[in-house]
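So the chains spell out like this:
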Amino acid sequence: MNRRTAVKGLLVFTGGLVLLPSCLTREGKAFIPLKHLEVSAEEEKMLGEIVETLIPTTDTAGAKQLGLHKFTLKMVDDLHSPEDQKTFMDGMEAFQKMTKKQTGNSFVECSPQERQELIAAINSGKASKEVIDFYQILKKHTVTGYLNSELVMTKLRIYELVPSRYIAYYPVKASTKN
Amino acid sequence: MAYINVDSVKQRTFDAIVIGSGMSGGWAAKEFTGRGLKTLVLERGRDVKHIKDYPTTNMMPYEFEHRNELTYEIKQKEPVISRCYAFREDAMHFFVRDSEQPYVQEKPFDWIRGQQVGGKSLLWARQTQRWSDLDFEGPARDGFAVDWPIRYKDLAPWYSYVEKFAGISGNNDGLEELPDGEFLPPFPLNSVEDHFKKQLKAQYGNRHVISARCAHLSKPNQIHLDQGRAQCQNRILCQRGCPFGGYFSSNASTLPWAERTGNLTLVPHAVVREVIYDEKAGKATGVRVINSQTKEETEYYAPVIFVNASAFSTNQILLNSTSSRFPNGLGNDNGLLGKYVAFHNYRARITAEYEGMQEYATDGRNPAGGGYIPRFRNLHKQETDFLRGYAAGFRANRSMQEDTTGFGAELKKQLLNPTWGTWKVGSHMMGETIPKEESRISLSKEQKDAWGIPLLNIAIDYDENDNKMVADYHAQMEEMFTKAGFTNIQKTDSKQAPGLDIHEMGGVRMGHDPKTSLLNKYNQLHACPNVYVTDGACMTSTSTQNPSLTYMALTARAVDHAVSELKKRNI
Ligand SMILES: Cc1cc2nc3c(=O)[nH]c(=O)nc-3n(C[C@H](O)[C@H](O)[C@H](O)COP(=O)(O)OP(=O)(O)OC[C@H]3O[C@@H](n4cnc5c(N)ncnc54)[C@H](O)[C@@H]3O)c2cc1C
Ligand code: SF4
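Note that the structure is predicted; figures quoted are calculated from it, not measured. (Residues numbered from 1 in each chain as written. Chains lettered and ligands numbered in written order. Predicted model: local features only at pLDDT ≥ 70, side-chain atom pairs only at ≥ 80, totals over all residues. Heavy atoms only, no water.)

**Observations regarding the overall build of chain A**
So, point 1. When you go through chain A residue by residue, the secondary structure sums to seven helices and one strand.
So, point 2. Tracing chain A from N to C terminus, the helices and strands come up as α-α-α-α-α-α-α-β.
So, point 3. Across the 178 residues that make up chain A, the buried fraction comes to 47%.
So, point 4. Once local pairs closer than 6 in sequence are excluded, the contacts in chain A between residues at least 24 apart make up 62%.
So, point 5. Accessible area of chain A: about 9,500 Å², with a carbon and sulfur share of 56%. (Helix = DSSP H or I, 4+ residues; strand = E, 2+ residues; numbered from the N terminus. Buried < 20%, exposed > 50% of the residue type's maximum accessible area, 1.4 Å probe, protein only. Contact = heavy atoms within 4.5 Å. Areas by Shrake-Rupley, 256 points an atom, 1.4 Å probe, with all protein chains shown as cover.)

This is how it looks when you write it as structure tokens:
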């Protein structure tokens, strides 16, 4: 990561979340302050790689750089019921076990190829319910977080705070329907 | 008060007192100050200055900690207010939380309150329709409540008066059931809304879809520019407070106007506990107020008092204003104060899809929200097995949709390249409910709030008439949707508690007869004519229209009356 993108990533962060990527947190604990979830630094790192597999860096920033794994943790921590949080945590553990069993490694240690294969299987429903539940929660927040990120809203799919117009009959190509 | 300093009394004496600075109180303030009366507005909440005190107004979605969603903790702690669609991160600071001001729900009631300068006028959805005589004559024709002491002709000039100043966009649709008004250009219906309109016209003749009439400056007139307001910029973030003053609120319109006269004294943090009744003088002389911060008690005096604290809070104040002349609450000789309250039945919804009009979408945003279907049931005579009827909102929208099924580079591409989805249509019901004696609010005998005021006890429920109306709405809308070619029709009954409609009304109803009503045709208490009630508490019946425009018109009319009565020394 060059300095420019690093700075850009940080700016994206300060947009809304006041998540301090603090280096002062206790070792082993997740870097982001959570009230309910017990997430280790290692798990946080793993989540970073999963979201990056979901929305990878291309010519524009991917999910990891946008901090969507931390965003997901914060959303699960603040918005979800204790039951849903348990579903997420149990599923995350099941995911880790599954990864280890299938590859002999942790997700972070897996090759990009292996990561693709693991996620492809879960994405097409080929995994235990626990793992799928976890994956869906993670994917949902990653997608919302991405679409609502400063990068997307200001550069890629412009969100207009002040549209100053309402066109009731706006012609579109009929073929845009898929 | 142990010791009354004469100078201090003079300082606390005004020509008029207005309790509450929301939608109706703002109008009372504007009208009194505009006629040269030194006016005191007492507001229990904090001050909210136009623009300056709209902290979230220019925030981008990603600047909200939870992307505008409610946390689990808040939903658990504040279940009632969390059910209001507008209580989100961007406008939370303008709502009262359950935990801050409890009330007693003898039956479930979602009491949605906005207590600050401007009240709920900051938060409203800005839908505005006039009543017609079909509404004012409702109780008399159908034999419920009591006859309204006024008719459309009494209010028509005042509707015009407030519409011109507030700025209402809409069409003159020429409908007897929904009188025309003084409108700014309408926000047009989109292709599918128009399609539905044409279908209804063709298939029924007497069912209409019109552009929703709303309090937005689609094209401001000089009077609006003079208020410091500008054209609506189609943001639809109105609940945050609008930096353009594009929609009507007390904060953007009536209160600054009143302030400019030099006749306004606005006191925030002033919780009115009761109206003071002077037995010797035989009238109300002022109000007793507690400072919400210091708990210090103060009295203010004026020859005329307007109670505009919002429907149920107004009832609470009057019920709590006891004296040996009025042991059961001010003006309450007949024991009806707090009774015959009602609301709007918002339980039913219907949604569907439309495969047509693929060549159109919409661009930008429509502040009016779409279309409005005026009441068509039981209009001129009784034709169903339930009384009265319902109006309905109707809107069609087509949005860009992203396919989220994949993952990786493919998912990213999909997210960044959405395509037009199909048209979705939806409607919600706004049903008239019947005020009944057993629907009542009263003061709790045991519990008091932090300011020593008894808590309000609310006992209101749906009845068979409401259930029948829900069923009829579903059946009729389904038929209309089917005829219009809509598919995948889904009907829902939210079973939401009364109150979430935020159109609670009554308790201090108007009427001809002091034996069966509290207020006369000018909104004066029959038994204490220098006290006027012009917010939702005065409503004899509820009709189907959104109520606030009628409160505004009644208020302007009542101030006009009060000023002339003061001049004639009748009050
Ligand atoms: C989300 C939402 C959407 C809505 N949509 C619409 C709509 O589309 N159309 C429509 O017509 N209406 C709508 N309404 C309802 C509308 O806001 C109310 O009808 C209107 O604001 C009522 O005016 P009011 O003056 O009676 O009360 P409010 O505007 O509520 O003002 C009352 C004021 O009195 C103050 N007060 C209360 N008690 C005391 C006391 N003891 N002492 C001193 N001050 C006191 C309060 O703090 C408050 O500021 C909506 C409301 C909400 C919240
Ligand atoms: S829609 Fe109009 S009134 Fe509402 S916030 Fe936007 S500009 Fe203001």
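Moving on from the coordinates now.
**Comments concerning the overall build of chain B**
So, point 1. Scanning chain B from N- to C-terminus turns up 14 helices and 26 strands.
So, point 2. A compact globule built from 571 residues would reach a C-alpha radius of gyration of about 25 Å, and chain B, at 24 Å, matches this within 12%.
So, point 3. Judged by the C-alpha coordinates and their principal axes, chain B covers about 80 × 55 × 50 Å.
So, point 4. Residue burial in chain B is summarised as follows: out of 571 residues, 63% are buried.
So, point 5. Once local pairs closer than 6 in sequence are excluded, the contacts in chain B between residues at least 24 apart make up 72%.
So, point 6. Summed over its atoms, the accessible surface of chain B is roughly 20,700 Å², and 49% of this surface lies on carbon and sulfur atoms. (Rg over C-alpha atoms; globule rule 2.2 N^0.38 Å.)

**Things to note about the sheet that holds strand β25 (residues 524-525) of chain B**
Residue and element names in this part refer to chain B.
So, point 1. Across the sheet, six strands lie side by side as β7-β2-β1-β11-β26-β25; this open sheet has mixed pairing. Bordering the open sheet on either side are β7 (264-267) and β25, each of which pairs with just one other strand.
So, point 2. Across three bridges, strand β1 (residues 16-19) lies against strand β11 (residues 305-307) in parallel orientation. When the sheet's bridge partners are listed, Val18 is paired in β11 with Phe306. (Pairing = 2+ DSSP bridges.)

**Let's talk about the sheet that holds strand β8 (residues 270-278) of chain B**
Strands belonging to one sheet form pairs held by backbone hydrogen bonds; the direction of such a pair is parallel or antiparallel.
All names here are of chain B.
So, point 1. With respect to topology, three strands assemble into an open sheet ordered β8-β9-β10, the strand pairing being antiparallel. Bordering the open sheet on either side are β8 and β10 (297-301), each of which pairs with just one other strand. The sheet shows a mean angle of 30° between the axes of neighbouring strands, taken without regard to direction.
So, point 2. Here five bridges tie strand β9 (residues 283-291) to β10, and the two strands are oriented antiparallel to one another. Bridged to Arg288 within β10 is Glu299. (Axes fitted to C-alpha atoms, helices over the stretch in contact; angles between N-to-C directions.)

**Let's talk about the UniProt feature "domain: Glucose-methanol-choline oxidoreductase C-terminal" (unreviewed entry) in chain B**
So, point 1. Within this numbering scheme, the UniProt entry marks residues 435-554 of chain B as carrying the feature "domain: Glucose-methanol-choline oxidoreductase C-terminal" (unreviewed entry).
So, point 2. Note that residues 435-554 of chain B is 22% helix and 28% strand, and that its end C-alpha atoms are spaced 20 Å apart. (UniProt positions renumbered as here; feature names shortened; annotations may be inferred.)

**Re the confidence of the model for chain B**
All names here are of chain B.
So, point 1. Per-residue pLDDT for chain B averages 97, and the proportion of residues at 70 or more is 99%.
So, point 2. Per-element confidence in chain B ranges from a low mean pLDDT of 88 for helix α1 (residues 6-11) to a high of 99 for β11.
So, point 3. Across the assembled chains, the prediction reports ipTM 0.93 with pTM 0.94. (pLDDT = per-residue confidence, 0-100.)

**Some details on the pairing of β8(B)**
Residue and element names in this part refer to chain B.
So, point 1. Buried residues dominate β8, accounting for seven of its nine residues.
So, point 2. In terms of strand pairing, β8 meets β9 through eight bridges, oriented antiparallel. Looking at β9, one finds that Val271 is bridged to Ile290.
So, point 3. Counting the residues in the hairpin turn of β8 and β9 gives four residues, including Gly282, whose phi is positive at 70°.

**Some details on the side chain of B:Glu432**
All names here are of chain B.
So, point 1. Within the fold, Glu432 resides in strand β20 (residues 423-432).
So, point 2. Only 3.4 Å separates the side chain of Glu432 from the backbone nitrogen of Ser543, close enough to count as a polar contact.
So, point 3. Ignoring sequence-local partners within four residues, the contact set of Glu432 consists of Phe144, His344, Arg388, Gly389, Asp466, Met469, Ser541, Thr542, Ser543 and Thr544. (Polar contact = N/O pair within 3.5 Å; in protein donor to acceptor, adjacent residues only side chain to side chain.)

**Examining the side chain of B:His195**
All names here are of chain B.
So, point 1. Structurally, the position occupied by His195 is in helix α8 (residues 191-204).
So, point 2. Residue class for His195 comes out buried when judged on its relative accessible area of 12%.
So, point 3. Separated by 2.8 Å, the side chain of His195 and the backbone oxygen of Ala484 make a polar contact.
So, point 4. In contact with His195, not counting residues within four places along its chain, are Tyr354, Met357, Ala484 and Phe486.

**Details of the nonpolar core**
So, point 1. Core analysis: the biggest nonpolar cluster contains 94 residues, and B:Val287 and B:Phe312 have the highest contact counts within it.
So, point 2. Looking at this core, the element that brings in the most residues is helix α7 (residues 152-166) of chain B, giving eight residues.
So, point 3. Not counting the four nearest positions on each side in its chain, B:Phe312 is found in contact with B:Phe109, B:Trp111, B:Val341, B:Ile441, B:Leu456, B:Ile458, B:Ile460, B:Glu504 and B:Met505.
So, point 4. In terms of nonpolar packing, the next biggest core, distinct from the first, is built from 43 residues, A:Leu66, A:Leu79, A:Phe95 and A:Phe134 among them. (Core = buried A, V, L, I, M, F, W, Y, C linked by side-chain atoms within 4.5 Å.)

**Remarks on helix α13 (residues 464-483) of chain B**
Residue and element names in this part refer to chain B.
So, point 1. Taking 1.5 Å per residue, 20 residues should reach 28 Å; α13 reaches 29 Å between its end C-alpha atoms and fits that length.
So, point 2. Along α13, the residues classified as buried are Asn465, Asp466, Met469, Val470, Asp472, Tyr473, His474, Gln476, Met477, Met480 and Phe481.
So, point 3. Here α13 starts with a cap whose side-chain oxygen sits 3.0 Å from the backbone nitrogen of Asn465, and that cap is Asp463.
So, point 4. Gly485 sits one or two positions beyond α13 and adopts a positive phi of about 85°. (Expected span 1.5 Å × (residues − 1).)

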